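# Understanding the architecture of this molecule
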Amino acid sequence: MKAPYDALMPLPKAELHLHIEGTLEPELAFALAARNGVSLPYADEDALREAYRFEDLQSFLNLYYELMAVLRTERDFEDLANAYLARAAAQGVRHAEIFFDPQAHLARGVEMGTVVEGLWRALGSSRENHGVSTRLILCFLRDESAASALETLDAAKPYLDRITGVGLDSAEVGHPPVKFREVYEAAAALGLHRVAHAGEEGPPAYVVEALDVLGVERIDHGLRSVEDPALVERLVRERVPLTLCPLSNVRLRTVDTLADHPLPAMLEAGLMCTVNSDDPAYFGGYAGDNFDAVREALGLTGERLRELARNSFLASFLEDDEELRARYLAEVDAYEFPAA
Ligand SMILES: [Zn+2]
């Protein structure tokens, strides 16, 4: 079998849209279940892998929350993050801004400190161990209440030295950004960066609202922005980064096939797009796999792929280490694409 193009000598890239809970591979799920005495309703890894072939957002979310039961201790979160970082590094990821969903853990009786300190055990030494710099972004579940989001931010206050920003994820439709105005204002007052999922299943108006009401600096997904020319014009003018996740879009049927993905048209329009993996264990690929997939299905040239990689570092929250950002950008510029 031909090696994936991006796997030959991976293009350096930053990953800006990655849910750490979505990196739980069946093997690790079973290992953690055994360690913690949690029984999973699947006979073996193959049966679980079969369940990963879900057909829509709700069946994905059901499985996603079900499997979180195996994550109980700091060591579990550390192992989860290390497994992701090793895979990401092998695919050229040099910097990762990692989402986590504390409400899903707090609801199961797992403390904020267990989650953050566990993840930090891997993230804090990631540059030495994996060659990957990291940031941590706390996400609120938008299908939970605004009050719950505020309580979650409160519970995170002792750990803000570990947390770079806040985000908003889970089921989008019916949960517009405005619902979270107060918690985003509180996050801004704490000096946290702000991002939000918008325009994945939800309308372009949610993207506008995320920008105007929540003050976000990046839009996660933002795919449906293309339906609103005035919004596209604004996103181009304001250089708002979009964290696209092509393989996720196919699995969750946001697009019919990868060949239908609007990424080339979005780049052509001048949008600041990046390519990311979202929940790679569930959606069939890590960051490099997503680069490979769009190159192949959409025929992106090396220079377009380089633009995507440059965008990923430019859109990163590396303002506290501009020297590192410059070094990453220089690596992207110096990268020589292998002959296809
Ligand atoms: Zn996502």
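Residues numbered from 1 in each chain as written. Predicted model: local features only at pLDDT ≥ 70, side-chain atom pairs only at ≥ 80, totals over all residues. Heavy atoms only, no water.

### Some remarks on the coordination of the zinc ion
Coordination of the zinc ion by the protein involves His 17 (NE2), His 19 (NE2), His 197 (NE2) and Asp 278 (OD), with metal-donor separations of 2.1 to 2.3 Å. One can describe the site at the zinc ion as irregular: its four donor atoms subtend angles covering 84 to 172° at the metal. Here the donor residues of the zinc ion are spaced in sequence according to H-x1-H-x177-H-x80-D. A residue pair is termed long-range when its members are at least 10 positions apart, and His 17 in strand β1 (residues 13–19) and His 197 in strand β5 (residues 193–198) qualify at 180 residues. The same class applies to His 17 and to His 197, which are both buried. (Donors = N, O, S within 2.8 Å, 3.2 Å for Na, K, Ca; no water. Tetrahedral: all angles 85-135°; square planar, octahedral: opposite > 155°, others 65-115°. Helix = DSSP H or I, 4+ residues; strand = E, 2+ residues; numbered from the N terminus. Buried < 20%, exposed > 50% of the residue type's maximum accessible area, 1.4 Å probe, protein only.)

### A short note on the sheet that holds strand β6 (residues 218–221)
Taken in spatial order, the eight strands line up as β1-β2-β3-β4-β5-β6-β7-β8 in an open sheet, and their pairing is parallel. Of all strands in the sheet, those with a lone pairing partner are β1 and β8 (272–275), marking the two edges. Between one strand axis and the next, the sheet turns by 25° as a mean value, whatever way the strands run. (Pairing = 2+ DSSP bridges. Axes fitted to C-alpha atoms, helices over the stretch in contact; angles between N-to-C directions.)

### Structural notes on the pairing of strand β3 (residues 133–141)
Taken across its nine residues, β3 has nine buried, putting it largely inside the fold. Residue alternation in β3 divides its side chains into two sets, Ser 133, Arg 135, Ile 137, Cys 139 and Leu 141 and Thr 134, Leu 136, Leu 138 and Phe 140, and both sets are buried. The sheet contact formed by β3 and strand β4 (residues 165–169) spans five bridges and is parallel. The residue of β4 that forms the bridge with Leu 138 is Val 166. For the crossover that starts at β3, traverses helix α9 (residues 146–156) and ends in the parallel β4, the hand is right-handed. (Right-handed = clockwise from strand over helix to strand, strands pointing away.)

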